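# Analysis of the macromolecular model
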Amino acid sequence: MTRLLISILIFFCFSALNAQVLPSDTVPAIINYKTENGVVKFSSELRPLRAIAGAPPPFYTYFWEFGDGGFSFEESPSHVFTRYDSIMVRLFATNNYDDGKRPPTRPKPIVRPPIIPKAATVKPMLAANGSYNLFKMGGNIEMKTNCMPKPGDDMMLVFGYRNKAENGQQNLNGTIAILYNDVEFSNNNFELAAARTYHQEKKTDLKPLLHTASLSKKNQPPVYYASLEKNLGLSAPEKVLLKDQAKAFRSQQSWKFENLAQNEERFIFMHFKTTPEMLKDTNAVVRIAGAFIPDNPLVETEFFNLELQIVASHDPNKMVLRKSRMNYRLTGKSRELTYKVRFQNTGKGPAKKIDVSVNISEVFDPSTLKVVKTKPEVVTCDSAYANQSCLKTFFRADSVHFVFTNIYLPGMQQKGVNDADSTQGFVEYKIKFKEKPPKLPIKSGAAIVFDKNEPIYTNRAVGRFKMGLSPGIIVGYGFPFETDNSNYLNHKNVVLGATLSPFASHRYYWQAELYLNSFLEKTFHVPIATDVKRDTTINNQRVDIIDKQLYKTTTFATINAVPLQMRYNLHKYIGVGAGALVAIDMYSRTSSELRYKLRLQNAQGTATDIDLNRAMDELKENFSEIRASFFADIQLGLVRVGPALGLRYIYDPKTNNNRMATYVSWKF
């Protein structure tokens, strides 16, 4: 008994030890704070990070929501509260280069925070260390997220709006709106779990404004976002109705704001849940758009388009391809793709040289590559003076190198660096195809070297072509569409049909075929006894039946289809396939008729022959028979798009018969 108790005790001790040693992804972030001279200083306790083999050292990024309309992206921020009621502070920590989940968020109540006298509150929305510095693009509206969206995860978005001095309005009323869930994707990517407002913003209906509000295009695009001019291809003087932008999104929320003072900044905090059904392509880009619609017609409406890359893991060094889903019909030699490689110095010191190496797919023409934009913004090295910050671009066998030289990019862990945006950079470039590419995924990746450190490898940006549908026509000879089992396999006829398949498939693809109804009417003789005998006397004339025949007439309406076949293009001129050919008798009718030959004789012995037909029974059936044959074939010609000649071998397992058929098809 004693040994049993000792064994149980040892088991529980080891279990408790393992529970302490093994980190748990369910441990929420612990928020600590202390107050000094009216300033509240925050810190946190998070689960230990677990490094991914081969990746840079893991680290956390932070987003604090203070519960009074203030926020911070710092690790240990300070804040001066402007409200006297109970406050709930939230920390959203994101684990980078870590193999676990993000620490859950647990709101922390801040009881009786220190109050700043109203006379000392010059600007209500100020953190202890200065402005929030969200409005970097100079407009009335701006948005920022704490991370890129990850399927099944959470994401916080800060929606900032203000009444800048250039508006010339002391107070401003209007509407702000958020638009999300692009209609170009079949599933919703986001669910708005919560929206926290702190300035009496009231929910409202955006629809009445959609037909009247025009969008301003004065503000320039932020670093990771696309401008309205770029999206719509508009020149500066043009206007576009807000309703035209709203059509691109399934979901929307809007709020009415009042008494927005000049130079006042306000923020709304939106908690988005990314759906598990979010597009699984972790190189795709989704959008969230914001609109600022003032009541005063003298102040222009503004639109902010936020582009977000779907990620599988949180990593500040990434490569993205804009509009990664392409229409193959519209893709040709002149098609231009836009890539962006973004990077972040996560070290303890500044980086002075950054080499971004990108492998170039063989489908591209390297001579068409042009750099669109960079951060830090630098000149090309061939036009720089000695020791000037510059960018050098050169090619290797299958790659291109973008080398930032003589720059200063601060490190995240560098002393005195509080703005994470200052540690980030990117290079954006465009490139064209050599010729129309094959319909295959286009893959690119990048390696980033900070000074003389080991390279950091990014994700692979993959461009894919949408399936698209290719209708076609098919004319066949020798297809077995007869119903009479005794000879339908031996009957050859010409049929006209239609095909449907993915557009210009490169290798494997499916194809369906449907043929026009085949109508057949057939009359055949049924042997019966035809003895000559006297039947009766009519008007004193003798009537003899000298012949009697039974005929049956069958009428069929047959639909013929290939519900599904698998095809494979060996080459752009040769393709093979296999599938099943199904014939269904949609309608059948069988009628019987007795045909008599009568001989009439009068009293003088003169005979007259007459014919007399008599209808018998009639039988009707729907879906009377289904027949299936299996086939394999080969095509020669323009098998992806265009005309092709096919030879098809058909086998009927029911009758154990086989035959060859030919056809011509044309895919559009």
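Residue indices follow the written sequence of each chain, beginning from 1 at its first position. Residue-level local features of this predicted model are given only where pLDDT is at least 70; pairs of side-chain atoms are given and counted only at 80 or more, and the full residue set underlies all totals for whole chains, interfaces and linings. As a rule here, side-chain values come from all non-hydrogen atoms in the structure, and water together with hydrogens is ignored.

Okay, the overall build of the chain next. Per the secondary structure count, the chain includes four helices and 38 strands. Residue exposure (1.4 Å probe, protein chains only): buried if accessible area is under 20% of the type maximum, exposed if over 50%, otherwise partly exposed. Looking at the chain residue by residue over its 668 residues, the buried ones come to 46%. Any pair of residues with heavy atoms lying within 4.5 Å of one another is described as a contacting pair. Here the analysis covers contacts within the chain between residues at least 6 apart in sequence; of these, 71% occur between residues at least 24 apart. For every accessible area listed, the method is Shrake-Rupley and the probe measures 1.4 Å; residues are considered covered only by the protein chains on display. Accessible surface, the chain as shown: approximately 34,400 Å² in total, 54% of it carbon and sulfur. Each helix is a run of DSSP H or I of at least 4 residues and each strand a run of E of at least 2, with the numbering of both proceeding from the N terminus.

When two cysteine sulfur atoms lie within 2.5 Å, the pair is treated as a disulfide. Going through the model one piece at a time under the given rule, you end up with one disulfide. In this model, Cys381 is linked to Cys390 through a disulfide, with the two sulfur atoms separated by 2.1 Å. The chirality of the disulfide connecting Cys381 with Cys390 is right-handed, given an S-S dihedral of about 80°. The exposure class of Cys381 is partly exposed, given its relative accessible area of 24%.

Let's shift gears to the sheet that holds strand 20 (residues 336-344). Two strands form a pair only when DSSP identifies at least two bridges running between them. Pairing within the open sheet is antiparallel, and its four strands lie in the order 18-20-26-22. Each of the sheet's edge strands pairs with one partner strand only, and the pair in question is strand 18 (318-321) and strand 22 (364-375). Averaged over neighbouring strand pairs, the angle between their axes works out to 20° when direction is ignored. The pairing of strand 22 with strand 26 (residues 424-433) spans seven bridges and is classified as antiparallel. What sits directly across from Val371, in strand 26, is Tyr429. A fitted line through C-alpha atoms serves as each axis, taken over the contacting stretch for helices, and the angle formed by two N-to-C directions is quoted from 0 to 180°.

What follows concerns the sheet that holds strand 9 (residues 154-162). One open sheet accounts for four strands, arranged 8-9-15-11; its pairing is antiparallel. A single partner strand is all that each edge strand has here, and the edge strands are strand 8 (141-145) and strand 11 (190-196). If you compare each strand with its neighbour and ignore which way they point, the axes differ by 25° on average. Bridge count between strand 8 and strand 9: five bridges; the pairing is antiparallel. Among the inter-strand pairings, Thr145 is bridged to a residue of strand 9, identified as Leu157.

With that settled, the discussion passes to the nonpolar core. Among buried residues, those of type Ala, Val, Leu, Ile, Met, Phe, Trp, Tyr and Cys that are joined through side-chain atoms within 4.5 Å constitute a nonpolar core. Among the nonpolar cores identified, the biggest contains 37 residues, and Tyr339, Ile354, Val356, Val358, Phe364, Phe402 and Tyr429 are the most heavily contacted of them. For this core, the secondary-structure elements that each account for two or more residues are strand 18, strand 20, strand 21 (354-359), strand 22, strand 25 (399-405), strand 26, strand 27 (442-450) and strand 28 (456-465). Dropping the residues within four chain positions of it, Ile354 is found in contact with Phe343, Phe402, Val403, Phe404, Ile407, Leu409, Ile448, Val449 and Phe450. Membership of the second largest hydrophobic core comes to 32 residues, among which are Trp255, Met278, Ile288 and Ile310.

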